[in-house]
Amino acid sequence: MTIAPTISTARLTLRQPEAGDFPAYAGYCASDRARFVGGPFDAVKAFEKLAAMAGHWVLRGFGRYIIEHKGAPVGHVGPLALESGQDPEMTWTLWNETSEGKGIAKEASAAVLDHLLQDAQWAGLISRVDAQNTPSRRLAESLGATLTDEAAPSWMPTAVTYRFLKVGV
Amino acid sequence: MMRYEVPQLETERLILRGHRESDIAAEKAFFATDASQFVGGPIPPHRAWRTVAMMMGHWALRGFGFWALEEKATGAYVGRAGLWFPDGWLEKEIGWTLMNDATGKGYATEAALAARTHAHDVLGWETAISQIDPKNDASKAVAARLGARFEKHFEDPEYGQIEIWRHPAPADLVNGGMEAYA
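It should be emphasised that the depicted structure is a prediction, and the values quoted were computed from it without experimental measurement. (Residues numbered from 1 in each chain as written. Chains lettered and ligands numbered in written order. Predicted model: local features only at pLDDT ≥ 70, side-chain atom pairs only at ≥ 80, totals over all residues. Heavy atoms only, no water.)

### Topic: the packing of helix α1 (residues 24–31) of chain B against helix α2 (residues 45–62) of chain B
Each pair of packed helices can be described by the angle between their axes along with the distance between the axes.
Residues and elements named next belong to chain B.
Then, number 1: Relative orientation of the contacting elements α1 and α2 amounts to 125 degrees, with a least axis distance of 9 Å. Taken together, α1 and α2 sit at an angle that is classed as oblique. Note on packing geometry: the crossing formed by α1 with α2 is right-handed. On α2, the residues touching Ile24, Glu27, Lys28 and Phe31 of α1 are Pro45, Ala48, Trp49, Thr51 and Val52.
Then, number 2: Looking at the contact of α1 with α2, its residues break down into six nonpolar, one polar and two charged. (Axes fitted to C-alpha atoms, helices over the stretch in contact; angles between N-to-C directions. Helix = DSSP H or I, 4+ residues; strand = E, 2+ residues; numbered from the N terminus. Parallel < 35°, antiparallel > 145°, perpendicular 65-115°, else oblique. Left-handed = near helix turned anticlockwise from the far one by under 90°. Contact = heavy atoms within 4.5 Å. Nonpolar A, V, L, I, M, F, W, Y, C, P; charged D, E, K, R; others polar.)

### Thoughts on the UniProt feature "domain: N-acetyltransferase" (unreviewed entry) in chain B
Then, number 1: When the UniProt feature table is mapped onto this chain, "domain: N-acetyltransferase" (unreviewed entry) is found at residues 13–149 of chain B.
Then, number 2: Between the end C-alpha atoms of residues 13–149 of chain B there is a gap of 26 Å, over a span that is 36% helix and 21% strand. (UniProt positions renumbered as here; feature names shortened; annotations may be inferred.)

### Describing the interface of chain A and chain B
Then, number 1: Taken residue by residue, the interface counts 26 residues in chain A and 25 residues in chain B.
Then, number 2: Inspection of the region where chain A meets chain B yields one salt bridge.
Then, number 3: In this structure, Glu21 of chain B engages Arg60 of chain A in a salt bridge whose closest nitrogen and oxygen atoms are separated by 2.7 Å.
Then, number 4: Run the count over chain A and chain B and you get one residue pair in polar contact (both at pLDDT 80 or more).
Then, number 5: For the side of chain A that touches chain B, the leading source of residues is helix α2 (residues 43–60) of chain A, giving 15 residues.
Then, number 6: A per-class count over the side of chain A that touches chain B returns 17 nonpolar, four polar and five charged. (Salt bridge = Lys/Arg side-chain N within 4 Å of Asp/Glu carboxyl O. Polar contact = N/O pair within 3.5 Å; in protein donor to acceptor, adjacent residues only side chain to side chain.)

Okay, structure coming up:
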């Protein structure tokens, strides 16, 4: 089935990236918060990354959503499928610490996982999380992911791998 | 789906269109070779995929970008050319890159001319540059055929020293038009 370009939750709108997201996204990329994903990144890299996020939708028919809270973009969430021959990877990121502690990442991730694993009947997704990134690991576990013993990929040597499976299998 | 459209352009021998997944195999092969050294390569296959995704996303974010070049005679993907201006970029740029077996036929000039005409006529660009590696003689020859002129050197934090070539403004092309450079 077609993957929804927009998902609404109680407090959030999840939608595709657009040009107006750039300032907030670049702010995140330049901050220490990007350290778990290879950053910080300058504005040129940030633009390339946001463009790649948009282009992923074009090429794959699915991709990561921008999380909109009270009318402002505060993060991104959703599946990523690079050419690894593996299940798509579920990701979630809040761009600013002021968005933390409100359950936003969980609300957004749960809605996307519902859509992919129930509506669209995807077989499964993985998530790679830096072993030291405790809040993100807790979130994965609270979303129902199970920790696997998969080896970390060369480009993210300190990662652990979680797996989400289709509901009811 | 993403709200974006890539207008299709046509030249004598090429169709300029949006990229597709099926174009990426050629890009991965290209990015594995030293010929990609002037455009940030060589890079592994997964980063080549991301580069193409980024090019598509540039359309979504800016309303212009790189076109995939399809050879009319064969339907083959032969490279890309287009308009580039990510955040933090020096100036609006016209760029071209051909796959290894498509060089030497004038395709880059043909495609870049169509891209520049689109920039002038549709987007209203008044000026544009091309950034070229000083060692990339083939690309400098394309710039010269397009009527662009070397302007200055620039020290790019990522690519090192590059040459800035300046394209003629629309007004410069009125008398004699593009044929003057063909």
